[in-house]
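# Summary of the model geometry
What follows is the residue order along each chain.
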Amino acid sequence: MSTDAAIGMMDGAYFTSRNEILTFFNTLLNLNLTKIEQTASGAVACQLTEYLFPGSIPMSRVNWAAKSPHEYIGNYKLLQNAFNKNKIQRHVDVDKLIRAKYQDNLEFCQWLKAFFDMTAPMLSGGREGYDPVAVRNKGKGGKTVGTNKGG
């Protein structure tokens, strides 16, 4: 799958607002994110990738409780392995993302959203019955992650 190659820096995806991205993650994955920087651990990207490619990430190894850059690296290794396994030609710049800087994480989240928009329609039957909270609870600290009370 190489739909990722079609998303260049001038693609409309990179003009997706912070609020739109947060709403997307919060709605799809039943989260309660308020800042883009909260995605720096890589756990959200892991769950989104697992949603698109079931079984590609061992969610029990995702560390939702990670609080520091050195703890985030394990999540990004899982993510890059899943990308490689699914032939997603996207290098994940871990060194930038783990610093939790707004712009770096915003651009990666914009890419994730665009990739989702291009890939999700190809899911056979969608992910009917997908329970994001149950999936997240498999990971370290997943049960402590705030959920979107509305959904």
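Residues numbered from 1 in each chain as written. Predicted model: local features only at pLDDT ≥ 70, side-chain atom pairs only at ≥ 80, totals over all residues. Heavy atoms only, no water.

## Quick word on the overall build of the chain
Helix and strand content of the chain: six helices and zero strands. Along the chain, helices (α) and strands (β) appear in the sequence α-α-α-α-α-α when read from the amino end. Taken over 151 residues, the chain has a buried fraction of 49%. At a minimum sequence separation of 6, the contacts of the chain that also span at least 24 residues come to 67%. Carbon and sulfur atoms form 51% of the exposed surface of the chain, whose accessible area is close to 7,600 Å². (Helix = DSSP H or I, 4+ residues; strand = E, 2+ residues; numbered from the N terminus. Buried < 20%, exposed > 50% of the residue type's maximum accessible area, 1.4 Å probe, protein only. Contact = heavy atoms within 4.5 Å. Areas by Shrake-Rupley, 256 points an atom, 1.4 Å probe, with all protein chains shown as cover.)

## Quick notes on the packing of aromatic side chains
For the structure on display, the rule yields eight aromatic pairs. Taking 5.8 Å as the distance between ring centres and 45° as the angle between the ring planes, the aromatic pair formed by Y51 and F116 counts as tilted. Here Y51, found in helix 2 (residues 43-52), pairs with F116, found in helix 5 (residues 102-119); they are 65 residues apart in sequence, far enough to count as distant. Comparing Y51 with F116, the two get one shared label, buried. One aromatic cluster is present, built from ring pairs that chain together F24, F25, Y51, F116 and Y130. Lying over the aromatic face of F24, K113 brings its terminal NZ or CZ to 5.1 Å of the ring centre. In this structure, R136 is placed above the aromatic ring of W64, and the distance from its NZ or CZ to the ring centre is 5.6 Å. (Phe/Tyr/Trp six-rings, centres within 6.5 Å; stacked < 30°, edge-to-face > 60°. Lys NZ or Arg CZ within 6 Å of the ring centre and 35° of its normal.)

## Points about the confidence of the model for the chain
Taken residue by residue, the chain gives an average pLDDT of 87. The fraction at 70 or more is 86%. Segment residues 1-7: pLDDT under 50, and 26 contacts once partners within four positions in sequence are set aside and those in other chains are kept. (pLDDT = per-residue confidence, 0-100.)

## Section: the nonpolar core
Where a protein is soluble and globular, its nonpolar side chains tend to be buried together. Grouped together as the largest cluster of nonpolar side chains are 44 residues, with contacts concentrated most on F25, L52, I57, V62, L79, F108 and F116. Listed by contribution, the elements that provide at least two residues to this core are helix 1 (18-29), helix 2, helix 3 (69-85) and helix 5. What F116 contacts, discounting residues up to four positions off in sequence, is F24, L28, L48, Y51, L52 and P121. (Core = buried A, V, L, I, M, F, W, Y, C linked by side-chain atoms within 4.5 Å.)

## Notes on helix 1
In this model, helix 1 (twelve residues) spans 16 Å end to end at C-alpha, consistent with the 16 Å of a helix rising 1.5 Å per residue. Looking at helix 1, one finds that the buried residues are I21, L22, F24, F25, N26, L28 and L29. Those residues of helix 1 hidden inside the fold are in contact with helix 2, helix 5 and helix 6 (132-137). (Expected span 1.5 Å × (residues − 1).)

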